[in-house]
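Reading the structure
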Amino acid sequence: MVTDGREDFRAHLLEAATGVLERFPQELRSEIYALSFRIWRVDDDYRRPYVAIGYNTETRYEAERSPEDPGEARWNYACWLLDGFEMLGNCPEDPVGGTLYTEEVRRLGLWFDGDGDDAELDVRTGLLVLHFADACVQLARDLHTGGRIERVLGRPLPVVVFDMYRPGWEVEATEAANPPGPIEEFLAWQRAAEDA
């Protein structure tokens, strides 16, 4: 049932993300140890956010790791596979999602056309960032609670949610997006890095 439109966009994300997982190469599925939700924007326009749904593999980890800090290559997204993954949101690759997203943020009063003073645009931009980040965190939760990750990939895997414009936020986002079990190793490495 749709009450305020948010269910339309989030339902689309859930179904489309499930399809993305199902299209991951069969031969890599046993090698995937973490999923990545990379949040970005088309042309750096905060009204055009998307999430690239990808993964990292044991082979990539082995190629990137160093004896000084093997956890860096395993859990720092800067060392991961980042390109070539499907994108969902307000981007050309997801026209349905773009329409639903735009309708939702307009309905919520968050959309802007560039008119207004800088302070107002900064507030609306911040709200758009929070809105899309919340949708991505909820998407990861829904994939977990619905058993979709485990069904498609054969086991529960952590979903690391990050936005390169918000360094450090990935810890909070990833913790909120996952049940405790799959992210224990990620959180342990993050805590050790903070203590160092």
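For the structure itself, look to the data block above.
Keep in mind that this is a model prediction, so the values were computed, not measured.

The secondary structure content of the protein amounts to 8 helices and 4 strands. Start at the N end of the protein and walk to the C end: the helices and strands fall as α-β-β-α-α-β-α-α-α-β-α-α. What you see for the protein is a C-alpha radius of gyration of 17 Å, in line with the 16 Å of a compact globule of 196 residues. Within the span of the protein, comprising 196 residues, buried residues form 51% of the whole.

Attention now goes to the pairing of strand β2 (residues 49-57). Counting buried positions along β2 yields 9 of 9 residues, so the element is predominantly enclosed. With burial as the criterion, each face of β2 is covered, one bearing Pro49, Val51, Ile53, Tyr55 and Thr57 and the other bearing Tyr50, Ala52, Gly54 and Asn56. Relative to β2, strand β1 (residues 32-41) runs antiparallel, the two being bridged by 9 bridges. If you follow Ile32 over to β2, its bridge partner there is Thr57. Examined bridge by bridge, β2 and strand β3 (residues 86-89) share 4 bridges and lie antiparallel to one another. Its bridge partner being in β3, Ala52 is matched across the sheet by Met87.

So, about helix α4 (residues 95-107). With 13 residues, α4 ought to run about 18 Å at 1.5 Å a step, and its terminal C-alpha atoms sit 18 Å apart, in line with that. Residues Gly97, Gly98, Leu100, Tyr101, Thr102, Glu104 and Val105 constitute the buried set of α4. Phi turns positive one or two residues past the end of α4, at Gly109, with a value near 80°.

Time to look at the pattern of salt bridges. Across all of its chains, the model carries 11 salt bridges by this definition. Each of Glu58, Arg74 and Glu185 takes part in salt bridges that share partners, so that together they form one network.

Glancing now at the packing of aromatic side chains. Applying the stated criterion across every chain, the model contains 12 aromatic pairs. Centre to centre, the rings of Tyr33 and Tyr61 are 6.4 Å apart; their planes meet at 75°, and the pair counts as edge-to-face. Placement of the pair is Tyr33 in strand β1 and Tyr61 in helix α2 (residues 58-64), with a sequence separation of 28 residues. With respect to burial, Tyr33 and Tyr61 carry one shared label: buried. An angle of 85° between the planes, with centres 5.6 Å apart, marks the rings of Tyr33 and Trp75 as edge-to-face. Taken together, the residues span a long stretch of sequence, with Tyr33 in strand β1 and Trp75 in helix α3 (residues 70-75) at a distance of 42 residues. The same class applies to Tyr33 and to Trp75, which are both buried. Here the aromatic cluster, defined as three or more aromatic residues joined through ring pairs, consists of Tyr33, Tyr61, Trp75, Trp80 and Phe186. Over the ring of Tyr33 we find Arg74; its NZ or CZ atom is 3.9 Å from the centre of that ring.

Further remarks concern the state of the cysteines. One pass over the structure, following the stated rule, counts 0 disulfides. Just so you know, Cys91 is unpaired, no disulfide at all, and the nearest cysteine sulfur is the one on Cys136, 11 Å from it. Of the residues examined, Cys91 reaches a relative accessible area of 3% and is grouped as buried.

This next bit is on the sheet that holds β2. Ordered by their spatial adjacency, 4 strands build an open sheet running β3-β2-β1-β4, and the pairing between neighbours is mixed. Each edge of the open sheet is held by one strand with a lone partner, namely β3 and β4 (159-163). When the angles between neighbouring strand axes are averaged without regard to direction, this sheet yields 25°. Lying on the sheet, helix α5 (residues 118-145) is in contact with β1, β2, β3 and β4; it crosses β1 at an angle near 155°. On top of the sheet, helix α7 (residues 169-177) reaches β1 and β4; it is set at about 145° to β4, its chief contact.

Conventions used here
Residues numbered from 1 in each chain as written. Predicted model: local features only at pLDDT ≥ 70, side-chain atom pairs only at ≥ 80, totals over all residues. Heavy atoms only, no water. Helix = DSSP H or I, 4+ residues; strand = E, 2+ residues; numbered from the N terminus. Rg over C-alpha atoms; globule rule 2.2 N^0.38 Å. Buried < 20%, exposed > 50% of the residue type's maximum accessible area, 1.4 Å probe, protein only. Pairing = 2+ DSSP bridges. Expected span 1.5 Å × (residues − 1). Salt bridge = Lys/Arg side-chain N within 4 Å of Asp/Glu carboxyl O. Phe/Tyr/Trp six-rings, centres within 6.5 Å; stacked < 30°, edge-to-face > 60°. Lys NZ or Arg CZ within 6 Å of the ring centre and 35° of its normal. Disulfide = S-S within 2.5 Å. Axes fitted to C-alpha atoms, helices over the stretch in contact; angles between N-to-C directions. Contact = heavy atoms within 4.5 Å.

Read these as layout, nothing more, since geometry by itself doesn't imply function.
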